[in-house]
Amino acid sequence: MASRCDKPFLPFEIIINILKRLPVKSIVRFRCVCKEWQNLFKTPSFIAEHLDHSDRKNPFLLLHEWGCERRGFIDGSEDWRHSLRLLDHKLETIEVLSIPSICSFGRRWKIIGSCNGLLCVQVDRCERRSPSSLWLWNPVIREVREVPNTPNDRRVCEVGFGFSSVVNDYKIVRFYSQEFPKNKVDRLYHHTMIDSVEVYSLSTGSWKELKFGAFHIWEAFSKAVNVDGTIFWLDDPVVLSFDIATEVATLTQLPNEDVLCPLGLGVYEDKLVGHYVFIEEDGRLSSYAWVMKEVTSESGKSLSCTQKYKIDHGPHFLVYNLCFWRNEIVCPGKKYITKEGGRKCVLHMFNLNTNEEREFNCSTFCTRCDVFNYEKSLVSVWNN
Amino acid sequence: MSSSVEAITVLSSDGDEFKITVSAAKLSKPLNWMLEDVCFSDDCDEVPTIEVNSKTLVKVIEYCEKHAPRANSGASDSDAEELKKWDIEFMKMDVKDILFHILMAANYLHMEGLYDLACQTAADLMKGMTVSQIRKIFHIKNDFSSEEQEQLRRQHPGCSFD
């Protein structure tokens with residue numbers, strides 16, 4: 001140690017204690033200080049300690065905007081423009097994240113999940129009908145890597161990404177169905193039979209197939225949410241969950257007493273929350289959130305729900321797909337700006353503590369957007 | 001140890017004498033052990049030495065005296081807020097000249113609060129520095145060969161070794 005860093009004034013143990021409190025940006029710059037520091041910043045224990053020190057209670061809002069810039073009517077080609085940036089609590093852009101110059105990124109891609117600074121991204125292939133590829137990406141330290149493909153050519157019906165502190169590993173999970181439903185009604189309602197599951201582990205760097213008895217779901221195409229080592233999907237009238245540590249998939253019935261199904265799932269104050277919208281008798285909209293907890297009884301697993309909040313006569317935008325961020329509900333939406341029907345993308349926000357509303361205008365090229373909670377980290381896309 | 005003793009005398013590594021109240025000394029585990037071990041009655045003339053220089057010890061004692069009432073009795077939110085402001089003012093110091101000495105002392109005296117505060121202050125001061133400024137304050141030599149620097153520049157465009 002002493003030979004590498006000539007005559008350190010402070011013991012290395014104290015230096016580590018200072019370095020783990022630095023922002024990611026400074027650490028990236030200080031990789032060039034000396035070899036000892038460069039190696040330190042790559043060690044899993046330092047990365048974990050650094051993550052523990054980051055301000056998890058105040059994540060940034062990651063805004064992914066995209067729009068089609070050009071459509072070739074003859075060859076069917078499309079040029080997509082994407083932008084990715086981090087917003088702080090004042091909705092000021094604190095960093096525009098550079099998008100990797102991999103050719104496939106020029107096309108359509110979407111974020112599957114965001115966890116400890118790591119993003120899992122699904123990129124559509126150029127050729128139609130060919131399977132999409134998955135990438136792991138830490139935009140802040142500019143690391144990106146394609147996840148190896150599997151020979152599995154079945155249809156992916158659900159995909160999720162998350163972390164479990166129990167096994168200290170990041171995993172991607174893909175649920176497959178054999179084929180499109182043959183029955184017209186089933187196809188219309190996205191009634192699917194899941195017959196296999198594949199799991200990719202970042203620590204082993206490989207996929208593994210898990211066998212399950214087939215089960216039916218109604219695909220809701222809702223965003224997967226990640227709570228405390230479990231990934232959840234809302235597949236009305238059930239919740240599909242996957243425990244990252246034990247690799248067990250479960251279907252859980254939503255409580256019967258509620259006639260309506262939640263509109264979406266979210267994570268609020270580190271708990272799984274179902275978001276419901278009711279139309280009151282006077283035609284106005286009310287919104288509820290229920291904290292959901294898995295309970296096991298004789299009749300199997302079910303979800304126990306307790307009401308978290310109720311917004312009486314809430315703003316109209318609460319019907320959109322949403323995300324909880326700090327004390328706010330964030331709903332990407334559209335707003336009419338011209339009489340001719342010209343629309344722009346906006347983020348509507350509703351503060352659960354103060355009931356205040358605010359709005360954020362997206363970029364002009366943006367026709368769709370997505371939002372995630374994001375905390376900067378040094379977590380590597382390579383096997384840790 | 002006599003319960004009537006309210007302050008003790010300690011020596012710095014430079015040989016200067018300092019007074020510290022018993023309640024303040026309790027913020028440090030080693031000082032607390034010293035209190036229990038050493039005879040502090042009037043007829044005992046043994047004065048314990050703390051391996052911290054005078055300039056640093058003044059600051060450490062100042063911190064202890066300020067934080068002792070809160071550590072011993074607990075405090076209201078407004079007190080905590082006031083203490084936070086005091087900490088910020090207290091930490092306005094030169095990195096190499098004194099902050100690093102405080103870090104060493106807090107580590108040696110097992111003072112968690114002061115250690116965390118000093119580490120965070122050092123990090124806040126460092127975050128905007130250039131690579132060469134960092135090397136200077138930590139006495140670090142650039143040990144990358146020119147080939148290695150070239151390779152790193154290719155891997156991470158825009159990285160700087162200065």
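Throughout, residues of each chain are indexed from 1 in the direction in which the sequence is written. Lettering for chains starts from A, numbering for ligands starts from 1, and both go in the order in which the items are written. pLDDT decides what is reported in this predicted model: residues at 70 or higher carry local features, side-chain atom pairs at 80 or more are listed and counted, and totals for whole chains, interfaces and linings draw on all residues regardless. Excluding hydrogens and water, the side-chain figures rest on all heavy atoms present in the structure.

Concerning the overall build of chain B
Helix and strand labels come from DSSP, where a helix needs a run of H or I of at least four residues and a strand needs a run of E of at least two; each type is numbered from the N terminus. Helix and strand counts for chain B come out as eight helices and two strands. When the helices and strands of chain B are read in sequence order from the N terminus, they spell out β-β-α-α-α-α-α-α-α-α. Accessible area is worked out with a 1.4 Å probe on protein chains only. A residue is then buried under 20% of its type maximum, exposed over 50%, and partly exposed in between. Buried positions account for 41% of the 162 residues belonging to chain B. Any two residues whose heavy atoms approach within 4.5 Å at even a single point are treated as in contact. The long-range share in chain B, meaning contacts at least 24 apart out of those at least 6 apart in sequence, stands at 57%. To be clear on the numbers: accessible area is Shrake-Rupley with a 1.4 Å probe, and residue cover counts the displayed protein chains and nothing else. Carbon together with sulfur atoms contributes 49% to the accessible area of chain B, which is approximately 9200 Å² in total.

Quick look at the sheet that holds strand β11 (residues 206-218) of chain A
Residue and element names in this part refer to chain A. As summarised here, the arrangement of the four strands in space is β8-β9-β10-β11, forming an open sheet in which the pairing is antiparallel. Each edge of the open sheet carries a strand with a single partner, namely β8 (155-164) and β11. Geometrically, the sheet is characterised by an average inter-axis angle of 20° between neighbouring strands, direction not taken into account. Two elements, β8 and strand β9 (residues 169-177), share nine bridges in a ladder whose sense is antiparallel. Looking at the pairing, Phe 163 lines up with Tyr 170 of β9. Strand pairing is assigned whenever DSSP detects at least two bridges linking the two strands. Between N-to-C directions, angles cover 0 to 180 degrees, with each direction set by a line fitted to C-alpha atoms, over the stretch in contact for helices.

Concerning the UniProt feature "domain: F-box" (unreviewed entry) in chain A
UniProt positions are given in the numbering used here, feature names are shortened, and annotations may be inferred rather than shown by experiment. What UniProt calls "domain: F-box" (unreviewed entry) maps, in this numbering, to residues 10-51 of chain A. Segment residues 10-51 of chain A splits into 67% helix and 0% strand. End C-alpha atoms: 23 Å apart.

Let's talk about unusual backbone geometry
Residue and element names in this part refer to chain A. Positive phi, close to 45°, is recorded for Asp 228, a residue that is not glycine. Here Asp 228 shows up in the loop between β12 (225-227) and β13 (230-235). The backbone of Arg 326 shows a phi angle near 50°, a positive value even though the residue is not glycine. Examined against the element boundaries, Arg 326 turns out to sit in the loop between β20 (323-325) and β21 (328-336). The exposure class assigned to Arg 326 is partly exposed, which follows from its relative accessible area of 24%.

Let's talk about the packing of aromatic side chains
Between 30 and 60 degrees the pair is tilted, below 30 it is stacked and above 60 it is edge-to-face, where a pair is any two Phe, Tyr or Trp rings, Trp via its six-membered ring, whose centres lie within 6.5 Å. Tallied over the entire structure, the rule returns 17 aromatic pairs over all chains. Here the aromatic rings of A:Tyr200 and A:Trp207 are separated by 5.4 Å at their centres, their planes lie at 55°, and the arrangement is tilted. Each member of the pair, A:Tyr200 together with A:Trp207, is buried. Each member of the aromatic cluster is reached from another via a ring pair, and the members are A:Phe30, A:Trp37, A:Phe41, A:Phe46, B:Phe100 and B:Phe138. Its end group placed over the ring of A:Phe365, A:Arg81 keeps NZ or CZ at 4.1 Å from the ring centre. By the criterion adopted, a ring carries a charge over it if an Arg CZ or a Lys NZ lies within 6 Å of its centre and within 35 degrees of its normal. The side chain of A:Lys223 reaches across the aromatic face of A:Phe372, ending 4.2 Å from its centre.

Regarding the UniProt feature "domain: SKP1 component dimerisation" (unreviewed entry) in chain B
Taking the numbering used here, the UniProt-annotated feature "domain: SKP1 component dimerisation" (unreviewed entry) corresponds to residues 113-157 of chain B. For residues 113-157 of chain B, helix accounts for 71% and strand for 0%, while the C-alpha atoms at its two ends are 39 Å apart.

A word on the interface of chain B and chain A
Contacts between chain B and chain A engage 32 residues on the former and 27 residues on the latter. Roughly 2700 Å² is buried in total at the junction of chain B and chain A, and carbon and sulfur atoms are behind 66% of that figure. Definition of a polar contact: a pair of N or O atoms within 3.5 Å, with one able to donate and the other able to accept a hydrogen when the atoms are protein atoms, and with sequence-neighbouring residues admitted only if both atoms are side-chain atoms. Taken together, the links from chain B to chain A amount to ten residue pairs in polar contact (both at pLDDT 80 or more). Of all elements in the fold, only α5 (95-108), α6 (112-126), α7 (131-138) and α8 (146-155) of chain B reach the threshold of two or more residues within the side of chain B that touches chain A. Here the side of chain B that touches chain A takes seven residues from α6(B), the largest share from any one element. When grouped by side-chain class, the residues that make up the side of chain B that touches chain A number 17 nonpolar, nine polar and six charged. Values labelled buried area give the accessible surface lost by two parts on being combined, using a 1.4 Å probe and summing over both. Classification convention: Asp, Glu, Lys, Arg as charged; Ala, Val, Leu, Ile, Met, Phe, Trp, Tyr, Cys, Pro as nonpolar; all other residues, Gly among them, as polar.

What to know about the packing of α5(B) against α6(B)
All names here are of chain B. Interhelical geometry of α5 versus α6 gives an angle of 150° and a closest axis separation of 8 Å. Between α5 and α6, the angle is such that the two are roughly antiparallel. The two elements α5 and α6 meet at a crossing, and its hand is left-handed. Residue-level contacts link Val 95, Leu 99, Ile 102, Leu 103, Ala 106 and Asn 107 of α5 to Leu 114, Tyr 115, Ala 118, Cys 119, Thr 121, Ala 122 and Leu 125 of α6. Split by residue class, the contact of α5 with α6 holds eleven nonpolar, two polar and no charged. The scheme is simple: roughly parallel for angles under 35 degrees, roughly antiparallel for over 145, roughly perpendicular for 65 to 115, oblique for anything else. Crossing handedness: left-handed means the near helix sits turned counterclockwise from the far one by under a right angle, and right-handed means the same turn made clockwise.

Description of α7(B)
Considered for burial, the residues of α7(B) that qualify are B:Val131, B:Ile134, B:Arg135, B:Ile137 and B:Phe138. Buried residues belonging to α7(B) abut α1 (12-19), α2 (24-29) and α3 (35-40) of chain A together with α5 and α6 of chain B.

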